[in-house]
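Close look at the chain arrangement
Spelled out, the chains give:
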Amino acid sequence: FLGRIALARYVDSLNPRALACGVLGVGAMGLAVLSIAQSPILIIAASLTYGLTVGNVTTLPSIIVRREFGSASFGAIYGLAAMAIGLCTAMGPSFYGTLYELFGGYAVPMILAAALNACAAFAAIFGPLTAGYVLGASAGNWVLPFAVSTAVAAVSAAIMLVVPVRPIAAMG
């Protein structure tokens, strides 16, 4: 909640891609600290740090899409992005729960989450270059990016069907 209020205050005067990179970078640091933290105070501080970034991570993509593609294309483009976000959100608990069971703790899942946040921070800044490369390679045709996103969605759905959903035993 506090992160979104701060975002609303400053988003018009800042580069949203740079802001997204910073937010995702701070989130990655919070997750990295959570992966190794032993002290309750450090765990709380890292959780608060990561928590302040979560609201902005859900808000910034729509701001970036609208600024870069305009209102006319917003629905189609953000619809594809929301599909990917929804699939990852639905798959996340099973995926990270499986990692917890495989590795016997939260260190590996938290390190992976931190690495994914760092990759997302990189993509927030360099995404236009990557998209330009993909579209350039396909002569401006959106079929290739759409096919790639559809393949990722299909693999994600298959993983959701295969990975068992089991509750994680309470610690302690």
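Check the entry above for the structure.
Below or above, wherever it landed, is the structure these notes cover. The model shown is predicted, which means the values in this text are computed figures rather than measured ones.

1. Some details on the overall build of the protein
Within the protein one finds 5 helices and 0 strands. Taken from the N to the C terminus, the helices and strands of the protein come in the order α-α-α-α-α. The 172 residues of the protein split such that 25% are buried. Restricting the contact set of the protein to residue pairs at least 6 apart, pairs at least 24 apart contribute 69%. Just so you have it, the protein exposes about 10800 Å², and 76% of that area is on carbon and sulfur atoms.

2. Digging into the side chain of Asn117
Inspection of the secondary structure assignment puts Asn117 in helix 4 (residues 107-137). By relative accessible area, which is 14% here, Asn117 ends up buried. With residues near it in sequence (within four places) discarded, Asn117 still touches Leu24, Gly27, Ala28, Leu31 and Tyr50.

Procedures and definitions
Residues numbered from 1 in each chain as written. Predicted model: local features only at pLDDT ≥ 70, side-chain atom pairs only at ≥ 80, totals over all residues. Heavy atoms only, no water. Helix = DSSP H or I, 4+ residues; strand = E, 2+ residues; numbered from the N terminus. Buried < 20%, exposed > 50% of the residue type's maximum accessible area, 1.4 Å probe, protein only. Contact = heavy atoms within 4.5 Å. Areas by Shrake-Rupley, 256 points an atom, 1.4 Å probe, with all protein chains shown as cover.

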